[in-house]
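For reference, the chains in residue letters:
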Amino acid sequence: SSWLGLLTPPYQPSQDKTRMLETSIPQHDEPSDNSSLTSFVCDTCGKWYGSRHTLRRHLRLECGKDPQYQCPFCPKKTKQKYNIFLHISRAHRNSL
């Protein structure tokens with residue numbers, strides 16, 4: 001569909017910046033008091049994640065950043081592309 005091309009964010013980090021970010025992510029390998037599973041905590045905002053991958057995604061796309069994906073049909077914005085796809089498929093089903 002033509003609206004797919006509208007979902008490219010205005011800013012794409014360089015590979016060097018992404019590599020630097022991934023190597024600076026803290027390693028939390030000890031189980032937390034809140035869970036019997038290993039938890040990963042964002043040092044910036046305190047959000048908890050069940051895997052290192054989701055913490056990395058949070059740091060790369062969400063933490064301290066404004067939403068970068070704009071719905072082409074309404075003012076809705078999200079921080080992750082997948083969430084805007086879900087929004088469009090649910091809220092604008094008749095517009096597709």
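Residues numbered from 1 in each chain as written. Predicted model: local features only at pLDDT ≥ 70, side-chain atom pairs only at ≥ 80, totals over all residues. Heavy atoms only, no water.

In the nomenclature of an unreviewed UniProt entry, the chain corresponds to C2H2-type domain-containing protein from the organism Diploptera punctata.

Colleague: Just to check I follow, could you spell out the overall build of the chain for this structure?
Modeller: What the chain contains, in helices and strands, is three helices and four strands. Helices and strands appear in the chain in the N-to-C order α-β-β-α-β-β-α. Within the chain, the proportion of its 96 residues that are buried is 27%. Taking as baseline every contact in the chain between residues at least 6 positions apart, the subset at least 24 positions apart corresponds to 25%. As presented, the chain carries roughly 6900 Å² of accessible surface, and 50% of it is formed by carbon and sulfur atoms. (Helix = DSSP H or I, 4+ residues; strand = E, 2+ residues; numbered from the N terminus. Buried < 20%, exposed > 50% of the residue type's maximum accessible area, 1.4 Å probe, protein only. Contact = heavy atoms within 4.5 Å. Areas by Shrake-Rupley, 256 points an atom, 1.4 Å probe, with all protein chains shown as cover.)

Colleague: I keep staring at helix 3 (residues 81-91) and nothing clicks. Help me out?
Modeller: An α-helical segment advances 3.6 residues per turn. Residues three or four places apart therefore align on the same side. Inspection of helix 3 places Ile-84, His-87 and Ile-88 among the buried residues, and these make up the whole buried set. One side of helix 3 carries all its buried residues, which in axial view fall inside an arc of 95°. With respect to the buried face of helix 3, the exposed residues turned more than 90 degrees away are Tyr-82 and Arg-90. Against strand 3 (69-70) and strand 4 (77-78) lie the buried residues of helix 3. (Arc of directions from axis to C-beta.)

Colleague: It is not clear to me how the environment of Phe-85 should be interpreted in this structure. Could you clarify?
Modeller: Checked against the element boundaries, Phe-85 lands in helix 3. Here the alpha-carbon distance between Phe-85 and Tyr-69, two residues 16 residues apart in the chain, equals 9.8 Å.

Colleague: Looking at this model, I keep getting lost on the UniProt feature "domain: C2H2-type" (unreviewed entry) in the chain. Mind explaining?
Modeller: As recorded in UniProt, the sites labelled "domain: C2H2-type" (unreviewed entry) are residues 40-67. The annotated region residues 40-67 carries 36% helix and 14% strand content, and the separation between its end C-alpha atoms amounts to 23 Å. (UniProt positions renumbered as here; feature names shortened; annotations may be inferred.)

Colleague: Would you explain the environment of Ile-84 in this entry?
Modeller: Looking at where Ile-84 falls in the secondary structure, it is placed in helix 3. Each C-alpha atom of the pair Ile-84 and Pro-72 lies 9.6 Å from the other, and the pair is twelve residues apart in sequence.

Colleague: What exactly am I supposed to notice about the state of the cysteines here?
Modeller: The bond known as a disulfide is covalent and runs between the sulfur atoms of two cysteines. Per the counting criterion, the structure on display carries zero disulfides. With no disulfide of its own, Cys-71 has Cys-74 as its nearest cysteine by sulfur position, at a separation of 3.7 Å. Taking relative accessible area as the criterion, Cys-74 reaches 22% and is therefore assigned partly exposed. (Disulfide = S-S within 2.5 Å.)

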